[in-house]
Amino acid sequence: MYIENLVEIRDFPIFSDNKLVYLDSASTAQKPREVINGIKNVYESSNANVHRALYKLGSQSTEMFESARASIAQFINAASSKEIIFTSGTTESINLLAYTLGTQLEKNDEILISQMEHHANLVPWQLLAKRSEAKLKYLPLTKSGELDLSQPEKYFTQKTKIVSITHMSNVLGTINPIAKISKITKSIGAIFIVDGAQSVSHLPVNVQELGCDFLAFSGHKMLGPTGIGILWGNLEILESLPPFMAGGEMIETVSMESSTWNKVPYKFEAGTPNFVQAIGLGIAVEYLTNIGMKEVQDHEKKLTHYALSRLEKISGLYIHGTPEKRGGVISFNLNKIHPQDLAQFLNEDNICIRVGHHCAQPLLKMLGETSTARISFYVYNDSSDIDKLCKSIESTKKYF
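Below: a short report on this structure.

What counts and what doesn't
Residues numbered from 1 in each chain as written. Predicted model: local features only at pLDDT ≥ 70, side-chain atom pairs only at ≥ 80, totals over all residues. Heavy atoms only, no water. Helix = DSSP H or I, 4+ residues; strand = E, 2+ residues; numbered from the N terminus. Rg over C-alpha atoms; globule rule 2.2 N^0.38 Å. Buried < 20%, exposed > 50% of the residue type's maximum accessible area, 1.4 Å probe, protein only. Pairing = 2+ DSSP bridges. Axes fitted to C-alpha atoms, helices over the stretch in contact; angles between N-to-C directions. Parallel < 35°, antiparallel > 145°, perpendicular 65-115°, else oblique. Left-handed = near helix turned anticlockwise from the far one by under 90°. Contact = heavy atoms within 4.5 Å. Nonpolar A, V, L, I, M, F, W, Y, C, P; charged D, E, K, R; others polar. Salt bridge = Lys/Arg side-chain N within 4 Å of Asp/Glu carboxyl O. Core = buried A, V, L, I, M, F, W, Y, C linked by side-chain atoms within 4.5 Å.

## Digging into the overall build of the protein chain
Then, in step 1: If you tally the helices and strands in the protein chain, you get 13 helices and 15 strands.
Then, in step 2: In terms of C-alpha radius of gyration, the protein chain reaches 22 Å, essentially the compact-globule figure of 21 Å for 400 residues.
Then, in step 3: Summarising its shape, the C-alpha atoms of the protein chain cover approximately 70 × 55 × 30 Å along the three principal directions.
Then, in step 4: Expressed as a percentage of the 400 residues in the protein chain, the buried residues total 56%.

Shown next, in the form of C-alpha cells:
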C-alpha cells in the first residue's frame with residue numbers, strides 16, 4: 001500500500017536530500033519555502049516596528065501583521081480578528097489565562113483538567129490553585145485512553161469555575177469530544193478552555209462549533225515559525241479580564257499616578273510583538289488553507305491506520321491507547337529496548353522520532369512507563385516513511 005505525501009516535497013527545503021524521515025511533527029513541524037522566504041522578505045524589505053511608525057516601512061509591516069491576524073481568525077472561524085491575541089505559543093496563552101482568570105477565583109473554587117494534559121495545561125493550573133486556594137481536579141481516562149465522561153456530575157460541579165482540556169493528546173493521539181464537554185461546562189456556568197496545540201494544525205477547527213470560550217495553539221506545529229502562538233477568546237470575556245503583562249502597546253494613557261488599557265487584542269500584547277513571526281504564521285495558515293484541513297486530516301488518518309497495521313506486526317512492540325477517534329500520533333514501547341536506545345539506532349538511518357515523557361509525566365505514570373517512543377505525521381509524510389521506520393526497528397531488534 002502506498003500513500004503519497006499531500007504536498008510537493010520540494011516545497012520543504014529540509015527534505016532536499018530525500019533521505020530524511022521526519023516523524024516528530026507533534027513536537028515541531030518543518031517549514032515550507034513560502035514561510036521561510038516570507039520571513040526573509042519582511043526582514044529585507046519591510047522591517048519596521050508595527051503600530052508605531054508613520055513612514056512607509058512601518059505601514060507595510062503593520063498591514064502585513066494585521067492581515068495575518070485576519071487570516072488566522074478566518075482559519076478558525078473567529079467572529080472577529082479582535083479575538084486573536086498573538087503570544088509566544090500555547091504555553092504563554094494558557095499562562096495568560098491562568099493569571100487573568102485567576103484574579104476571579106476564590107478559596108475552594110474548582111479547576112478541572114484531565115489526566116492526559118501536557119505540562120503546559122497542567123502546571124499553570126497547579127500554580128493558580130496554590131495562589132488562590134482553589135482545588136485542582138482531574139478527569140480520569142478509560143483503558144482505551146479516552147476521557148471517562150461516564151459520571152460527569154462527579155467532576156463538573158457548581159464549584160467548578162474553569163475547565164481546561166486538550167483537544168488532542170500529544171501522547172495517545174486521542175481526539176476528545178470538545179463540543180460535548182462544552183455543553184456540560186456551560187450547564188454549570190464555568191469557563192471552558194481548549195488546548196489546541198495538537199489539533200489546529202491537523203484537523204478542521206471551528207471555534208463556533210467547538211463552543212469553547214478560549215482556544216490556545218502554537219505556530220511552530222503548523223508549518224509556521226517558532227516563538228509565535230495564538231490565544232483566541234470570547235471578546236466579551238477578554239474585555240472583562242485584566243492585562244497579563246504591562247508596558248508599551250497595551251496602554252491607552254499613562255500618568256505618574258495611573259494608567260488605562262488599550263482595546264482588545266492589544267491590551268494583551270505588551271511590548272514589541274513578534275510581528276515577523278506572526279506574518280510568517282499568516283503565510284503558513286494560507287498554505288494550509290490552500291491544501292484544505294479536511295484533506296490534511298484524511299491524509300493523516302490513512303497514514304495512522306497504515307502505521308498501526310505495520311507496527312502491530314512487530315513482535316514485542318506495545319502501542320499505548322486505542323481511542324476510537326485519534327490523530328496522527330502513536331506512542332509505543334519495545335520490549336527490552338529503552339526508547340532512547342531505539343531513537344539512537346533509528347537516527348543512524350536518518351529517522352527522527354521523539355522519545356521521553358513528552359511533557360506528560362502524570363500520563364506516562366498512569367501508563368506504567370517513564371519514557372515512550374512517539375511518532376507523528378504531517379502533510380509531507382508518506383507510507384514509505386513508515387516502511388523505513390518498521391524496517392529500522394526490526395534491524396534494531398536483531399542487534400539487541
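## Side note on the pairing of strand E15 (residues 372-376)
Then, in step 1: Across the five residues of E15, five count as buried, placing the element largely inside the fold.
Then, in step 2: Neither face of E15 is exposed, since Thr-372, Arg-374 and Ser-376 on one face and Ala-373 and Ile-375 on the opposite face are all buried.
Then, in step 3: As defined by bridge partners, strand E12 (residues 329-334) adjoins E15 across four bridges and the pair is classed as antiparallel. Bridge assignment links Val-329 to a residue of E15, and that residue is Ser-376.
Then, in step 4: Here strand E14 (residues 354-356) pairs with E15 via three bridges, running antiparallel. Residue pairing in the sheet places Gly-356 in a bridge with Thr-372 of E15.

## Details of the packing of helix H11 (residues 339-348) against helix H13 (residues 383-399)
Axes are the key here: two packed helices are described by the angle between their axes and the distance separating the axes.
Then, in step 1: Running from N to C, H11 and H13 point in directions that differ by 120°, and their axes come no closer than 10 Å. Between H11 and H13, the crossing angle belongs to the class labelled oblique. Handedness of the H11/H13 crossing: right-handed. Mapping the contact onto sequence places Leu-342, Phe-345 and Leu-346 in H11 and Leu-389, Ser-392, Ile-393, Thr-396 and Tyr-399 in H13.
Then, in step 2: Residues that form the contact of H11 with H13 fall into these classes: six nonpolar, two polar and no charged.

## Some words on the environment of Leu-139
Then, in step 1: Inspection of the secondary structure puts Leu-139 in strand E4 (residues 135-139).
Then, in step 2: Separated by 50 residues in the primary sequence, Leu-139 and Gly-89 place their C-alpha atoms 25 Å from one another.
Then, in step 3: When sequence neighbours within four positions are dropped, the list of residues in contact with Leu-139 reads Leu-112, Ile-113, Ser-114, Gln-115, Leu-147, Asp-148, Leu-149, Tyr-155, Phe-156 and Ile-165.

## Focus on the sheet that holds E12
Strand pairing in a sheet is mediated by backbone hydrogen bonds. Such pairs are either parallel or antiparallel.
Then, in step 1: Spatially, four strands are ordered E11-E12-E15-E14 in an open sheet, and the strand pairing comes out antiparallel. Of all the strands in the sheet, just strand E11 (317-319) and E14 have a single pairing partner and so form its edges. Pairwise comparison of adjacent strand axes, ignoring direction, gives a mean angle of 30° for this sheet.
Then, in step 2: Together, E11, E12 and E15 form the strand contacts of helix H10 (residues 293-311), whose direction differs from that of E12 by roughly 10°.

## Observations concerning the pattern of salt bridges
Then, in step 1: Applying the stated criterion across every chain, the model contains 12 salt bridges.
Then, in step 2: Salt-bridge contacts for Glu-66 lead to Arg-69; the nearest nitrogen and oxygen are separated by 2.8 Å. Linking Glu-66 with Arg-69, this pair stays in helix H2 (residues 56-75), spanning three residues, or about one helical turn.
Then, in step 3: Among the ionic pairs, Lys-137 bridges to Glu-110, the shortest N-O distance being 3.3 Å. Placement of Lys-137 in strand E4 and of Glu-110 in strand E3 (residues 110-114) is noted, with a sequence separation of 27 residues between them. Across this residue pair, the class does not change: Lys-137 and Glu-110 are buried.
Then, in step 4: The structure contains a network of salt bridges with shared partners spanning Glu-66, Arg-69 and Glu-269.

## Quick look at the nonpolar core
Side chains of nonpolar character tend, in soluble globular proteins, to be buried together.
Then, in step 1: Formed by 73 residues in total, the largest nonpolar core has its most connected members in Ile-76, Phe-156, Leu-215, Met-222, Leu-223, Tyr-378 and Tyr-380.
Then, in step 2: No other element matches helix H9 (residues 275-291), which puts 11 residues into this core.
Then, in step 3: Ranked by size, the runner-up nonpolar core spans 27 residues in total, among them Val-21, Ala-307, Phe-332 and Leu-334.

## Comments concerning the sheet that holds E4
Then, in step 1: Reading across the sheet, the seven strands line up as E2-E8-E7-E6-E5-E3-E4 and stay open at both edges, with mixed pairing between neighbours. Unpaired on one side and paired on the other, strand E2 (84-87) and E4 mark the two borders of the sheet. Averaged over all adjacent pairs, the angle separating strand axes in this sheet is 20°, with direction ignored.
Then, in step 2: Across three bridges, strand E6 (residues 191-195) lies against strand E7 (residues 214-218) in parallel orientation. Note that in E7 the partner of Val-194 across the bridge is Leu-215.
Then, in step 3: Strands E2, strand E5 (160-166), E6, E7 and strand E8 (229-233) of the sheet are contacted by helix H3 (residues 90-102), whose axis makes an angle of about 150° with E7.

Purely geometric numbers; function is a separate question.
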